[in-house]
Amino acid sequence: SLVSHPTVALLADCLWSGVVVRHFIISRMWNVISLLVFILSQELLPSWNQGEERSQFVGYLIFFCRVWNYIVGMGRLATFHLYRIWVWCRNTMRRIIREIDTDGNGEIDYEEMVEALQKFKDTVIMEAKKAIKALREDGPGTMDEAKKAMANREKNMYNMISFSLLLLLGVMCTHEP
C-alpha cells in the first residue's frame with residue numbers, strides 16, 4: 001500500500017471520489033471518443049460496406065469519421081502545441097523587455113524595441129540549435145541514459161505483455177472444452 005496513514009488515506013479517498021475522478025474522466029473522454037471514431041472508420045464501417053444500397057451511406061459515414069480524426073483530432077493537437085509556443089514566446093518577450101527597459105517605466109522606445117527583437121531572434125535561434133543538437137547527437141551522458149531508460153521500459157513492457165499472453169494461453173488451455 002502506498003498510503004499507509006489512515007488520515008492520509010481518507011483524504012486521498014475523499015479527493016479521488018469527490019473532485020479528481022470527475023476531472024480525470026472528463027479529461028480522458030476526448031481520447032476515448034477519438035479512439036472509438038478511429039476504430040469505427042478504419043475497421044468496423046469498411047467491413048459493413050457490402051451491399052450496394054448501403055455502400056454510399058457507409059462511404060459517407062467513413063468519410064465523416066476520417067475527417068473527424070484528421071481535422072478535429074489533429075486540430076486539437078496543433079492547437080495544444082501552438083498555444084504552448086505562444087506562451088513561450090510571450091514569456092520570453094516579456095523577460096527581454098524587462099531586461100531592456102532602461103528607464104523602468106514599462107515603456108520602450110524604438111531603439112529598445114529593435115534591441116528586444118534582436119534578442120528574441122537570438123533566443124529563438126539558440127533554442128532551435130539546442131533542440132536540433134539534442135536530436136542529432138548524444139550529449140555527454142544525458143541522451144545515452146535516456147535511450148537506455150527507454151529501452152529498459154520497452155523491454156519491461158514487452159516482458160509484461162509476453163507474460164500476460166502466456167498466462168492467458170495457459171488459462172485458455174485449461175478451460176478449453
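The model shown is predicted, which means the values in this text are computed figures rather than measured ones.

1. A look at helix α3 (residues 110-136)
Next up, step 1: In a regular helix each residue adds 1.5 Å, so 27 residues correspond to 39 Å; α3 covers 39 Å between its end C-alpha atoms and thus fits that length.
Next up, step 2: Among all positions in α3, only Glu112, Ala116, Phe120 and Thr123 are buried.

2. As for the side chain of Ser41
Next up, step 1: Take Ser41: it is sitting in helix α1 (residues 6-48).
Next up, step 2: Those residues in contact with Ser41, other than ones at most four positions away along the chain, are Pro46, Ile62, Cys65, Arg66 and Asn69.

3. Focus: the pattern of salt bridges
Next up, step 1: What the rule picks out here adds up to 3 salt bridges.
Next up, step 2: Glu99 is the salt-bridge partner of Arg95, the closest N and O atoms lying 3.2 Å from each other. Residue Arg95 and its partner Glu99 are both found in helix α2 (residues 52-100); the two are separated by 4 residues, about one turn of the helix.
Next up, step 3: With a relative accessible area of 34%, Arg95 lands in the partly exposed category.
Next up, step 4: Salt-bridge contacts for Lys119 lead to Glu99; the nearest nitrogen and oxygen are separated by 4.0 Å.

Analysis parameters
Residues numbered from 1 in each chain as written. Predicted model: local features only at pLDDT ≥ 70, side-chain atom pairs only at ≥ 80, totals over all residues. Heavy atoms only, no water. Helix = DSSP H or I, 4+ residues; strand = E, 2+ residues; numbered from the N terminus. Expected span 1.5 Å × (residues − 1). Buried < 20%, exposed > 50% of the residue type's maximum accessible area, 1.4 Å probe, protein only. Contact = heavy atoms within 4.5 Å. Salt bridge = Lys/Arg side-chain N within 4 Å of Asp/Glu carboxyl O.

Shape descriptors only; they carry no functional weight alone.
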